[in-house]
Amino acid sequence: MIEVVASMSRGPVFLAGELMECLITFTNPMSHLSTSASSEMLAWASAQIHCQFHASESRVALPAQGNKQDVQAESDTVLIPSRDSYSEMVPVDGPPSFRGQAVKYVYKLTIGCQRVNSPIKLLRVPFRVLVLQEPPFPQDEEVSPSNPFLEEEEASRRDARPLERALEMLMVSTSRRCPQMFNITDSRGKVAKFCMFKTVYRLGEDIIGTFNFSEGDIPCLQYSVSLQSEEEIQQPYQRRPGQPVSVTGHGRHMESCLHTASSHFSLPVPLNVTPGFSTDTVILRWRLHFEFVTARDPMEPPIVLQNQSEVTVWTGAEHVNVDTFSWDLPIKILPTNPALASSMSHFTGTNSINI
């Protein structure tokens with residue numbers, strides 16, 4: 001018997017274009033009663049990255065090859081056991097890991113091996129891929145102060161470390177604040193003023209927004225904010241014309257705000273969700289979904305008399321005529337540092353098999 005163990009020491013999450021390294025060990029766990037005749041021989045071993053594509057037959061119309069396909073990395077897949085490790089560049093033109101309602105992209109490292117005079121066995125190690133499909137800003141824009149005395153050295157450093165460069169651009173782009181103000185209105189007038197400090201976030205960040213109800217003409221009793229993703233099948237692959245978009249919620253904040261001058265919310269972007277992306281088959285977008293409950297009639301605030309000695313109990317109205325309306329605000333969700341995402345991944349990056 002030969003035990004095969006595969007371990008991704010840096011973690012199970014990688015950025016597209018990053019070099020993935022996996023330590024693969026082959027051992028013969030012989031007991032103290034075994035003899036040299038009990039030793040085993042490894043005939044061969046190979047490793048390859050696979051991206052498996054799944055599609056829902058009820059939502060996606062695919063060509064004749066079916067709803068399950070494997071996409072393999074175009075690179076050398078020969079594994080030399082004596083070197084103990086396997087390394088390969090994660091494809092830059094592939095989709096990110098994604099488990100949607102209609103489409104799924106699943107990555108795995110497949111290790112095939114065979115013991116002499118034994119059947120072939122496969123060891124699969126699942127991992128996650130994050131893709132930064134479009135640069136946060138023009139490539140020729142500097143993202144950090146430059147040293148005029150070390151321009152050549154800095155240029156060579158940037159060329160030699162594309163992953164670090166991409167992460168640097170990502171961090172800077174999501175750190176920029178550009179406050180935007182929105183007037184929240186319904187058919188009867190202004191409800192509130194809403195402020196967001198930015199609309200581009202990376203995984204793990206908190207989305208923060210503030211409301212100013214003091215400038216509103218219409219009383220607002222309650223509001224809610226939901227972080228939602230929209231999964232849209234590209235038109236050529238839609239099962240039926242006008243197919244609706246699949247919406248998934250990833251967090252919600254609700255608050256009562258009657259007689260409140262201002263309020264704020266904070267919604268965390270989970271580390272395990274997929275940033276926005278687009279392929280020939282599907283588009284994933286992100287948005288904030290707002291819902292407001294407003295009173296049809298004026299709602300006078302309670303009056304507090306000066307020097308009042310008696311205890312006063314305030315009670316809310318038993319019946320209030322209300323209106324509701326909603327609003328969607330598109331936002332962008334970008335990847336984060338793979339090491340941070342690995343800390344919250346349900347993948348271990350390690351797997352083993354006996355052959």
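Everything in this summary refers to the structure shown in the same document. Everything quoted here is computed from the prediction, not taken from an experiment. (Residues numbered from 1 in each chain as written. Predicted model: local features only at pLDDT ≥ 70, side-chain atom pairs only at ≥ 80, totals over all residues. Heavy atoms only, no water.)

**A few points about the overall build of the protein chain**
Part 1 of the argument: Tallying secondary structure elements over the protein chain gives three helices and 20 strands in all.
Part 2 of the argument: Of all 355 residues assigned to the protein chain, the portion counted as buried reaches 39%.
Part 3 of the argument: Roughly 20100 Å² of accessible area belongs to the protein chain as shown, and the carbon and sulfur atoms make up 51% of that amount. (Helix = DSSP H or I, 4+ residues; strand = E, 2+ residues; numbered from the N terminus. Buried < 20%, exposed > 50% of the residue type's maximum accessible area, 1.4 Å probe, protein only. Areas by Shrake-Rupley, 256 points an atom, 1.4 Å probe, with all protein chains shown as cover.)

**A short note on the pairing of strand β10 (residues 180–186)**
Part 1 of the argument: Judged from the seven bridges that link them, β10 and strand β11 (residues 189–196) form a sheet pairing that is antiparallel. When the sheet's bridge partners are listed, Met181 is paired in β11 with Cys195.
Part 2 of the argument: Hairpin remark: β10 followed by β11, antiparallel, with two residues in the connecting loop. (Pairing = 2+ DSSP bridges.)

**A closer look at a nonpolar patch on the surface**
Part 1 of the argument: On the surface, Trp44, Ile120 and Leu122 cluster together into a nonpolar patch covering about 270 Å² of accessible area.
Part 2 of the argument: Judged by its relative accessible area of 41%, Leu122 is partly exposed. (Patch = residues over 30% accessible without salt bridge, like charges linked within 9 Å, V, L, I, M, F, W, Y side chains within 5 Å. Salt bridge = Lys/Arg side-chain N within 4 Å of Asp/Glu carboxyl O.)

**Overview of the sheet that holds β11**
Part 1 of the argument: With respect to topology, four strands assemble into an open sheet ordered β10-β11-β13-β16, the strand pairing being antiparallel. In the strand order of this sheet, the two ends are held by β10 and β16 (262–268), each with one partner. Along the sheet, successive strands turn relative to each other by an average axial angle of 25 degrees, direction set aside.
Part 2 of the argument: Here strand β13 (residues 206–212) runs beside β16; their pairing, made up of seven bridges, is antiparallel. Counterpart to Ile207 in the pairing with β16 is Leu267. (Axes fitted to C-alpha atoms, helices over the stretch in contact; angles between N-to-C directions.)

**Side note on unusual backbone geometry**
Part 1 of the argument: Even without glycine at this site, Asn117 takes up a positive phi of about 65 degrees.
Part 2 of the argument: Here Asn117 lies in the loop between β8 (103–115) and β9 (120–130).
Part 3 of the argument: In this model, His259 sits at a positive phi of 60 degrees, which is unusual for a non-glycine residue.
Part 4 of the argument: With respect to the secondary-structure elements, His259 resides in the loop between β15 (246–256) and β16.
Part 5 of the argument: When its relative accessible area of 42% is taken as the criterion, His259 is described as partly exposed.

**Quick notes on the sheet that holds strand β6 (residues 85–89)**
Part 1 of the argument: Taken together, four strands build an open sheet; the order of strands is β6-β3-β1-β20 and the sheet is antiparallel. Edge positions in the sheet fall to β6 and β20 (350–354), since each has one partner strand and no second. The mean inter-strand angle of the sheet, taken between neighbouring strand axes irrespective of direction, is 20 degrees.
Part 2 of the argument: Strand direction decides the pairing type here: strand β3 (residues 19–27) and β6, joined by five bridges, are antiparallel.

**With respect to the nonpolar core**
Part 1 of the argument: Counting residues in each nonpolar core, the largest one holds 70 residues, and the members touching the most others are Leu109, Ile207, Phe265 and Leu288.
Part 2 of the argument: Both of domain 1 (3–131 + 339–354) and domain 2 (173–301 + 320–334) provide at least three residues apiece to this core.
Part 3 of the argument: With sequence-adjacent residues up to four places away left out, Phe265 is seen in contact with Phe194, Ile207, Ile208, Gly209, Phe211, Tyr223, Val225, His253, Leu288 and Phe290. (Core = buried A, V, L, I, M, F, W, Y, C linked by side-chain atoms within 4.5 Å. Domains from an automatic or database assignment. Contact = heavy atoms within 4.5 Å.)

**Focus: the side chain of Thr336**
Part 1 of the argument: Among the structural elements, Thr336 can be located in the loop between β19 (322–334) and α3 (338–342).
Part 2 of the argument: Assessed through its relative accessible area of 2%, Thr336 is described here as buried.
Part 3 of the argument: Not counting residues within four places of it along the chain, the set of residues in contact with Thr336 comprises Leu130, Leu167, Leu170, Arg202, Leu203, Leu271 and Ala341.

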